[in-house]
Amino acid sequence: HEMLLSTRDFGSEPQRSWVLPLHSLLPPEEQRRVFDKPPLGIRKIVLATNIAETSITVDDCSYVIDCARMKEKRFDPAKRMESLDDV
């Protein structure tokens, strides 16, 4: 998210895009921003994890870009614990 905003195309004014992250570590009020309608002429870009992507529907979303990163539940028998790991 920060890397994208630091580019000339997405970090310059006047803003033409809202770039919004969506993942479980964001506070709920920031997660809800993906459902806000952007001003006229502004496109909304949501960067979401695979879990968030499959759990919600964003009405004004036209395209989904899969970044090929995902978290998957794994079980470690030695520790007898489950975790979400990047795969």
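What you are looking at is a predicted structure, and each value in this text was computed from that prediction instead of being measured.

The rules we used
Residues numbered from 1 in each chain as written. Predicted model: local features only at pLDDT ≥ 70, side-chain atom pairs only at ≥ 80, totals over all residues. Heavy atoms only, no water. Helix = DSSP H or I, 4+ residues; strand = E, 2+ residues; numbered from the N terminus. Contact = heavy atoms within 4.5 Å. Salt bridge = Lys/Arg side-chain N within 4 Å of Asp/Glu carboxyl O. Buried < 20%, exposed > 50% of the residue type's maximum accessible area, 1.4 Å probe, protein only. Polar contact = N/O pair within 3.5 Å; in protein donor to acceptor, adjacent residues only side chain to side chain.

## Things to note about the side chain of Ser17
Right, so step 1: One can find Ser17 in strand β1 (residues 17–22).
Right, so step 2: Not counting the four nearest positions on each side in its chain, Ser17 is found in contact with Phe10, Ile42, Arg43 and Ile45.

## A closer look at the pattern of salt bridges
Right, so step 1: Here the structure, examined in full by the defined rule, presents three salt bridges.
Right, so step 2: Linking Lys44 and Asp60 is a salt bridge whose minimum nitrogen-to-oxygen distance equals 2.8 Å. Pair noted here: Lys44 is in strand β2 (residues 43–48) and Asp60 is in the loop between α4 (50–55) and β3 (71–76), with a separation of 16 residues, a long-range link.
Right, so step 3: Among the residues examined, Lys44 registers a relative accessible area of 17% and is labelled buried.
Right, so step 4: With a relative accessible area of 31%, Asp60 lands in the partly exposed category.
Right, so step 5: Glu72 is the partner of Arg74 in a salt bridge, and the nearest nitrogen-oxygen pair spans 3.0 Å.
Right, so step 6: You can call Arg74 partly exposed: its relative accessible area is 38%.
Right, so step 7: For Glu72, a relative accessible area of 32% translates into the label partly exposed.

## Some points on the side chain of Lys44
Right, so step 1: Among the polar contacts made by the side chain of Lys44, one reaches the main-chain carbonyl oxygen of Val34 at a distance of 2.6 Å.
Right, so step 2: If we skip the residues at most four places from it in the chain, Lys44 touches Trp18, Leu20, Val34, Phe35, Asp36, Pro38, Val58 and Asp60.

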